[in-house]
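Chain by chain, the residues:
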Amino acid sequence: MDFKKVNRIAKVHHYKKKGFSNAKISRMLGIHRNTVRSDLQKKPKEAISWVQSLTTRERKLDPYKETIVNWLSDEPELSAAQIED
């Protein structure tokens with residue numbers, strides 16, 4: 001689980017309870033103000049389940065990872081465009 005995201009959501013809720021505006025929270029944490037708004041809509045339990053769901057998604061290239069790694073080990077100078085062709 002990505003504890004950084006859970007921690008960020010907790011900080012957003014903490015600062016909001018202290019009375020800071022969304023814009024101020026975004027500047028303090030270095031995140032977009034829409035992310036602050038999105039984080040405030042999540043309750044703590046929802047936030048944890050949301051973060052857990054992020055780690056279970058499969059990437060599009062996962063089935064081809066071994067093939068791509070083999071290509072790159074054989075020819076380390078290949079570019080992404082050459083691999084795509």
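Our subject is the structure listed above.
Residues numbered from 1 in each chain as written. Predicted model: local features only at pLDDT ≥ 70, side-chain atom pairs only at ≥ 80, totals over all residues. Heavy atoms only, no water.

Caption draft 1: View of a nonpolar patch on the surface. A grouping of W71, L72 and L78 is seen on the molecular surface, where their side chains present a nonpolar patch of about 240 Å² in accessible area. Residue placement: L72 occurs in helix α5 (residues 65-74). (Patch = residues over 30% accessible without salt bridge, like charges linked within 9 Å, V, L, I, M, F, W, Y side chains within 5 Å. Areas by Shrake-Rupley, 256 points an atom, 1.4 Å probe, with all protein chains shown as cover. Salt bridge = Lys/Arg side-chain N within 4 Å of Asp/Glu carboxyl O. Helix = DSSP H or I, 4+ residues; strand = E, 2+ residues; numbered from the N terminus.)

Caption draft 2: Summary view of the packing of helix α1 (residues 3-17) against helix α2 (residues 22-29). Where α1 contacts α2, the axes come no closer than 10 Å and their chain directions differ by 135 degrees. When the axis of α1 is compared with that of α2, the two are oblique. Crossing angle aside, the handedness with which α1 passes α2 is right-handed. Residues R8, K11, V12, Y15 and K16 of α1 lie in contact with α2, whose contacting residues are N22, I25, M28 and L29. Taken together, the residues that form the contact of α1 with α2 break down as five nonpolar, one polar and three charged. (Axes fitted to C-alpha atoms, helices over the stretch in contact; angles between N-to-C directions. Parallel < 35°, antiparallel > 145°, perpendicular 65-115°, else oblique. Left-handed = near helix turned anticlockwise from the far one by under 90°. Contact = heavy atoms within 4.5 Å. Nonpolar A, V, L, I, M, F, W, Y, C, P; charged D, E, K, R; others polar.)

Caption draft 3: Structural detail: the side chain of K42. Within the secondary structure, K42 is located in the loop between α3 (33-41) and α4 (44-55). There is no salt bridge for the buried K42, and the closest opposite charge comes from D39, which lies 4.0 Å off by N-O distance. Side chain to side chain, K42 and S38 meet in a polar contact 3.0 Å long. In this view, K42 contacts I9, H13, A47 and W50; residues no more than four positions away in its chain are not counted. (Buried < 20%, exposed > 50% of the residue type's maximum accessible area, 1.4 Å probe, protein only. Lys, Arg positive; Asp, Glu negative; His and termini not counted. Polar contact = N/O pair within 3.5 Å; in protein donor to acceptor, adjacent residues only side chain to side chain.)

Caption draft 4: Highlighting the environment of N34. The residue N34 is located in helix α3 in this model. Sequence separation between N34 and N22 is 12 residues, and the spatial gap between their C-alpha atoms is 8.5 Å.

Caption draft 5: The arrangement of the pattern of salt bridges in detail. Counted under the stated rule, the structure contains one salt bridge. The residue D39 makes a salt bridge to R8 at a minimum N-O spacing of 2.8 Å. Residue D39 is found in helix α3, and its partner R8 is found in helix α1; the two are separated by 31 residues along the sequence.

Caption draft 6: View of the environment of L72. The class for L72 is partly exposed, based on a relative accessible area of 35%. Through-space distance from the C-alpha of L72 to that of K17 is 51 Å; in sequence the pair is 55 residues apart.

Caption draft 7: Seen up close, the side chain of R8. Among the polar contacts listed, one links the side chain of R8 to the side chain of D39, at a separation of 2.8 Å. Not counting residues within four places of it along the chain, the set of residues in contact with R8 comprises L29, I31, T35, D39 and W50.

Caption draft 8: Region of interest: the packing of aromatic side chains. This model, assessed by the stated rule, comprises one aromatic pair. With a centroid separation of 5.7 Å and an interplanar angle of 90 degrees, the aromatic rings of Y15 and F20 are classed as edge-to-face. Taking relative accessible area as the criterion, Y15 reaches 23% and is therefore assigned partly exposed. Judged by relative accessible area, which is 32%, F20 ranks as partly exposed. The ring of W50 carries the charged tip of K42 above its face, separated from the ring centre by 4.4 Å. (Phe/Tyr/Trp six-rings, centres within 6.5 Å; stacked < 30°, edge-to-face > 60°. Lys NZ or Arg CZ within 6 Å of the ring centre and 35° of its normal.)

Remember that the coordinates give geometry; whether it matters functionally is a separate question.
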